[in-house]
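Examination of the molecular architecture
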Amino acid sequence: MSISALLSMGRCCCRCCCPRGLWMLSAPCCDDRRMCVCPGPRRIGIPVRTSSLPLFSDAMPAPTQLFFPLFRNCELSRIYGTACYCHHKHLCCSPPYIPQNRLRYTPHPAYATFCRPRENWWQYTQGRRYASTPQKFYLTPPQVNSILKANEYSFKVPEFDGKNVSSILGFDSNQLPANAPIEDRRSAATCLQTRGMLLGVFDGHAGCACSQAVSERLFYYIAVSLLPHETLLEIENAVESGRALLPILQWHKHPNDYFSKEASKLYFNSLRTYWQELIDLNTGESADIDVKEALINAFKRLDNDISLEAQVGDPNSFLNYLVLRVAFSGATACVAHVDGVDLHVANTGDSRAMLGVQEEDGSWSAVTLSNDHNAQNERELERLKLEHPKNEAKSVVKQDRLLGLLMPFRAFGDVKFKWSIDLQKRVIESGPDQLNDNEYTKFIPPNYHTPPYLTAEPEVTYHRLRPQDKFLVLATDGLWETMHRQDVVRIVGEYLTGMHHQQPIAVGGYKVTLGQMHGLLTERRAKMSSVFEDQNAATHLIRHAVGNNEFGAVDHERLSKMLSLPEELARMYRDDITIIVVQFNSHVVGAYQNQE
């Protein structure tokens, strides 16, 4: 039997929509021809209108086509046993099980019915068996490095007269996508009218539109919030007279990090309205600006503008659709503002900020500077329940999700958890046809009685830097799902210092042969005597997050397998990963303390 014939027998009578809008091969199923939705990440199950399935080979992206020999030899089932139940007998087309805690959105039972195999599927699998020689398809080290380093970026703070007067030496950042396109974003900028630097990571869900908009706009709102009254007046007068504006931010961006040029005028008008209100509210008296209050106001105001722009709409159909996409998708944000020894972290959602501290004995310890806003945070659960009537206590959070659907309890956008039902219907009905055809926008969360259920207000943490505070790690939850915070800090600390603190090798209860122990000791000695292949701390951390084996060491074979996963499988094993590692200048930080 040919491969195409085998695939055609496994063809579903309906189609499964994968998280990135591609059509995936589904299980033989659906005798009643009901709607079928694959358990893709961060999506709410919705009906699929069409019924024809394109050819498997035509639907495959390039990485999948490279994997086609694996399908022929059933090697994929051996390497990724949890992704395909092949058992070396046939190509099983059933979608793999994805743990619910890995999905930002969970399919709702009223809108999603998973495929079930036919009872007679077994007779097809027993028809003929093929003997083949297993083949291994691994990436070479240069290929692995090319993938890992594709999005890395480094910035070193310039010195003046041979001295670095900033408390920041520089930062490294990188991204590794799992979704296509990636839903994470990152931003870094120096505040030109005030002292300080802004750095942030943004984790999108239900698409990348909201995270993209927040990554472009939030730092402007924060910078404006920190400006004194005189500077705001000077900027407003320049706009009115048509003169050049004072630059507010110096961006530090990778070429892949872009701005939405089409929406720049709309975004500027909303920002101008904000600083005009700040001018009217300010009496003009010089006073110290409260950074914590400025961060909170900036987060809340941007989220309010995102909501308002979607309600007002735009005569330009493209812009109208864009602002609605931004509002109906969502994003979490974790932002750090560093000014001298003053470090503020504003967090909305479940990304994290972790401080790396070097102890006197040379070991590393982790200090958490943010709290996850999800069901694992008891204080956050209590806050959410107190904001709604007691009769909703059991429905506001179900299965550790907001209204049984959303994992983070704070986020930008996500107006389906903020607007009233009447407002949602009015905006959708008056919106463009693309929005009206989107079943997700029409979906009303269950037990939706007293909105808003979601807020973008951040939780702000303050920390005064000390000489032993060596670096800060900002990362989306894709990193923290795979690595413990102490391991993250240790790996970055050892990378930055070039030293490996020798500790007894822990094997975690595994039975280790003498040969395996010899290999571990040899690897440790190699690390001590060689320089790191990564020139970027964030890249080095991603290498460990994706390629670590059970002994805590990078396994090239495992790393190669994980990076070789085709798009439709990658999201089933991990999330997008975005990391910024900020290195502090201990000498400057110590000088601040000595001055006091």
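Residues numbered from 1 in each chain as written. Predicted model: local features only at pLDDT ≥ 70, side-chain atom pairs only at ≥ 80, totals over all residues. Heavy atoms only, no water.

**Digging into helix 13 (residues 378-386)**
When we look at burial in helix 13, the residues that qualify are E380, L381, R383 and L384. The buried residues of helix 13 occupy an angular sector of 160 degrees when the element is viewed end-on, so they sit on one face. Residues E378, R379 and L386 are exposed on helix 13 and point more than 90 degrees away from its buried face. The elements touched by buried residues of helix 13 are strand 12 (397-398) and strand 13 (401-402). (Buried < 20%, exposed > 50% of the residue type's maximum accessible area, 1.4 Å probe, protein only. Helix = DSSP H or I, 4+ residues; strand = E, 2+ residues; numbered from the N terminus. Arc of directions from axis to C-beta. Contact = heavy atoms within 4.5 Å.)

**Digging into the nonpolar core**
Ranked by size, the top nonpolar core spans 57 residues in total, and within it L218, F219, I222 and F412 carry the most contacts. Examining the composition of this core, we find that 11 residues originate from one element, helix 8 (residues 209-226), more than from any other. Excluding residues that lie within four positions of it along the chain, F219 makes contacts with S187, A188, A189, L198, L199, G200, F202, L249, W251 and V335. In terms of nonpolar packing, the next biggest core, distinct from the first, is built from 34 residues, L148, M354, M483 and L565 among them. (Core = buried A, V, L, I, M, F, W, Y, C linked by side-chain atoms within 4.5 Å.)

**A few points about the packing of helix 7 (residues 141-148) against helix 20 (residues 537-547)**
One can describe the packing of helix 7 onto helix 20 by two numbers: an axis separation of 10 Å at closest approach and a directional angle of 120 degrees. What the angle tells us is that helix 7 and helix 20 run oblique. In this structure, helix 7 crosses over helix 20, and the sense of that crossing is right-handed. Here V144, N145 and L148 of helix 7 come into contact with helix 20, specifically with T539, I542 and R543. A per-class count over the contact of helix 7 with helix 20 returns 3 nonpolar, 2 polar and 1 charged. (Axes fitted to C-alpha atoms, helices over the stretch in contact; angles between N-to-C directions. Parallel < 35°, antiparallel > 145°, perpendicular 65-115°, else oblique. Left-handed = near helix turned anticlockwise from the far one by under 90°. Nonpolar A, V, L, I, M, F, W, Y, C, P; charged D, E, K, R; others polar.)

**Examining the pairing of strand 11 (residues 364-368)**
With 5 bridges joining them, strand 10 (residues 352-358) and strand 11 adopt antiparallel strand pairing. Counterpart to G356 in the pairing with strand 11 is A366. Between the end of strand 10 and the start of strand 11, which pair antiparallel, lie 5 residues, with G362 showing a positive phi angle near 90 degrees. (Pairing = 2+ DSSP bridges.)

**Let's talk about the side chain of N377**
As for its placement among the helices and strands, N377 is situated in the loop between strand 11 and helix 13. Taking relative accessible area as the criterion, N377 reaches 15% and is therefore assigned buried. Engagement of the side chain of N377 in a polar contact is seen with the backbone nitrogen of R379, the distance being 3.1 Å. Filtering out sequence-adjacent residues up to four positions away, N377 remains in contact with N371 and D372. (Polar contact = N/O pair within 3.5 Å; in protein donor to acceptor, adjacent residues only side chain to side chain.)

**As for the packing of helix 9 (residues 229-241) against helix 10 (residues 264-281)**
In contact at an axis separation of 10 Å, helix 9 and helix 10 are set at 135 degrees when each is read in the N-to-C sense. Classified by the angle between their axes, helix 9 and helix 10 sit oblique to one another. Between helix 9 and helix 10 lies a crossing of left-handed hand. Here H229, L232, L233, I235, E236, V239 and E240 of helix 9 come into contact with helix 10, specifically with F268, R272, W275, Q276, L278 and I279.

**Examining the sheet that holds strand 16 (residues 469-475)**
Taken together, 6 strands build an open sheet; the order of strands is 3-4-17-16-10-11 and the sheet is antiparallel. Of all the strands in the sheet, just strand 3 (153-156) and strand 11 have a single pairing partner and so form its edges. Across the sheet, the mean angle from the axis of one strand to that of its neighbour is 20 degrees, orientation sign disregarded. Bridging between strand 10 and strand 16 involves 6 bridges; their strand directions are antiparallel. Bridge pairing links R352 to A475 in strand 16. The sheet strands contacting helix 18 (residues 485-497) are strand 10, strand 11, strand 16 and strand 17 (577-584), and the helix crosses strand 11 at an angle near 125 degrees.

**Overview of the pairing of strand 3**
Burial along strand 3 is one-sided: the residues Y153 and F155 are buried and none of S154 and K156 is. Of the strand pairs in this sheet, strand 3 and strand 4 (residues 168-176) are connected by 4 bridges, and their pairing is antiparallel. By the bridge assignment for strand 4, S154 is matched with D172.

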